[in-house]
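Structure assessment
The lines below spell out each chain.
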Amino acid sequence: MLRRLLLTAIQKGLAMLAICRKRQTTLGTPKEKEYFDESFFKVEKNRRYYPAEDLFATARNAAVTKILKLLELNTGTYEEVMYFDVVASSGYEGYGENVLRFPTAYRSYGETKDTHLISPLGAVVKAGNEYDFEVISKDFQAMAVVINGELKPMTKNAKTGAFTLKVSIPSGIEKVDVMASKDSRSYQGLYFYLVE
């Protein structure tokens, strides 16, 4: 999270802290002053101070809040740094209700350590179209695309570890499975695509 205290507040706080030190005025314990000093860093390029946030440094955060209150500075004032708008491309149909971004994974895919889907990336393949199926895996010795119960073995590239297969999707089927085997004999499902 990118949060920045207002420059004037930080500079005023550091200036007040310096004045208090010269006058021997107490603004907390020596440890709290040390926490306060360590809680900001200066960017030389713009000569501004920014908080070095750490949500788990509770003692440091409490000390900074205490000293900012003693200096009568707002502890919740932040500077707007930037804003931007995200605009979808003209061909983007959106991912809303009942629209899947990726194929549906079987439990076995979640248990893999070094298996990565390369293509196709969508959740749906269209009947009548041809697709390049590609999966990179060090977890399995063999992979296959299963269409209508027929196992179509994928070819493994020895250098990259990628399993590939170009497949035409027939009409009249509901899904296409990608399966894998550790022993080249028994296969388990990794994920499946719905067919439109």
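Residues numbered from 1 in each chain as written. Predicted model: local features only at pLDDT ≥ 70, side-chain atom pairs only at ≥ 80, totals over all residues. Heavy atoms only, no water.

1. Considering the overall build of the protein chain
The helix and strand inventory of the protein chain stands at 4 helices and 12 strands. When burial is assessed residue by residue, the protein chain has 32% of its 196 residues classed as buried. Excluding contacts between residues fewer than 6 apart, the proportion of contacts in the protein chain whose partners are at least 24 apart in sequence is 56%. With the model as given, the accessible surface of the protein chain reaches about 13400 Å², and the carbon-plus-sulfur share is 52%. (Helix = DSSP H or I, 4+ residues; strand = E, 2+ residues; numbered from the N terminus. Buried < 20%, exposed > 50% of the residue type's maximum accessible area, 1.4 Å probe, protein only. Contact = heavy atoms within 4.5 Å. Areas by Shrake-Rupley, 256 points an atom, 1.4 Å probe, with all protein chains shown as cover.)

2. With respect to the nonpolar core
By size, the foremost hydrophobic cluster in this structure holds 22 residues, and its most contacted members are Phe133, Met143, Val145, Met154, Ile169 and Val176. Of all the secondary-structure elements, those providing two or more residues to this core are β6 (130-137), β7 (142-147), β10 (162-168), β11 (175-181) and β12 (188-195). A per-element tally of this core places β12 first, with 4 residues. Once you skip the residues sitting within four places of it in the chain, Val145 turns out to touch Phe133, Glu150, Leu151, Lys152, Met154, Leu165, Val167, Val176 and Asp177. (Core = buried A, V, L, I, M, F, W, Y, C linked by side-chain atoms within 4.5 Å.)

3. Focus on the environment of Thr65
With respect to the secondary-structure elements, Thr65 resides in helix α3 (residues 58-70). Residues Thr65 and Phe36 lie 29 residues apart in sequence; the distance between their C-alpha atoms is 8.9 Å.

4. Remarks on the packing of helix α2 (residues 30-38) against α3
Between α2 and α3, the shortest axis-to-axis distance is 8 Å and the interhelical angle comes to 95°. Relative to α3, the element α2 is oriented roughly perpendicular. The residues of α3 that touch α2, namely those facing Glu32, Lys33, Tyr35, Phe36 and Glu38, are Ala59, Arg60, Ala63, Val64, Lys66, Ile67 and Leu68. A class-by-class count of the residues in the contact of α2 with α3 yields 7 nonpolar, no polar and 5 charged. (Axes fitted to C-alpha atoms, helices over the stretch in contact; angles between N-to-C directions. Parallel < 35°, antiparallel > 145°, perpendicular 65-115°, else oblique. Nonpolar A, V, L, I, M, F, W, Y, C, P; charged D, E, K, R; others polar.)

5. What to know about the environment of Pro153
For Pro153, the location among the structural elements is in strand β8 (residues 150-153). Beyond its immediate chain neighbours, meaning those up to four positions away, Pro153 contacts Met143, Ala144 and Leu165.

6. Details of the pairing of β10
Pairing geometry for β6 and β10, over 7 bridges, is antiparallel. From the neighbouring strand, Asp132 faces β10, where its bridge partner is Lys166. Strand direction decides the pairing type here: strand β9 (residues 155-156) and β10, joined by 2 bridges, are antiparallel. Paired with Thr155 across the two strands is Thr164, which belongs to β10. Counting the residues that bridge the hairpin from β9 to β10 gives 5 residues, and of these Gly161 lies at a positive phi of roughly 80°. (Pairing = 2+ DSSP bridges.)

7. Considerations on the sheet that holds β6
Within a sheet, each strand pairs with its neighbour through backbone hydrogen bonds, oriented either parallel or antiparallel. Taken together, 4 strands build an open sheet; the order of strands is β4-β6-β10-β9 and the sheet is antiparallel. A single partner strand is all that each edge strand has here, and the edge strands are β4 (115-119) and β9.

8. Re α2
Burial in α2 covers these residues: Glu32, Lys33 and Phe36. Buried residues of α2, seen end-on, are gathered within an arc of 100° and therefore sit on one face of the element. (Arc of directions from axis to C-beta.)

So far we have only geometry, and geometry alone does not tell us how the molecule works.
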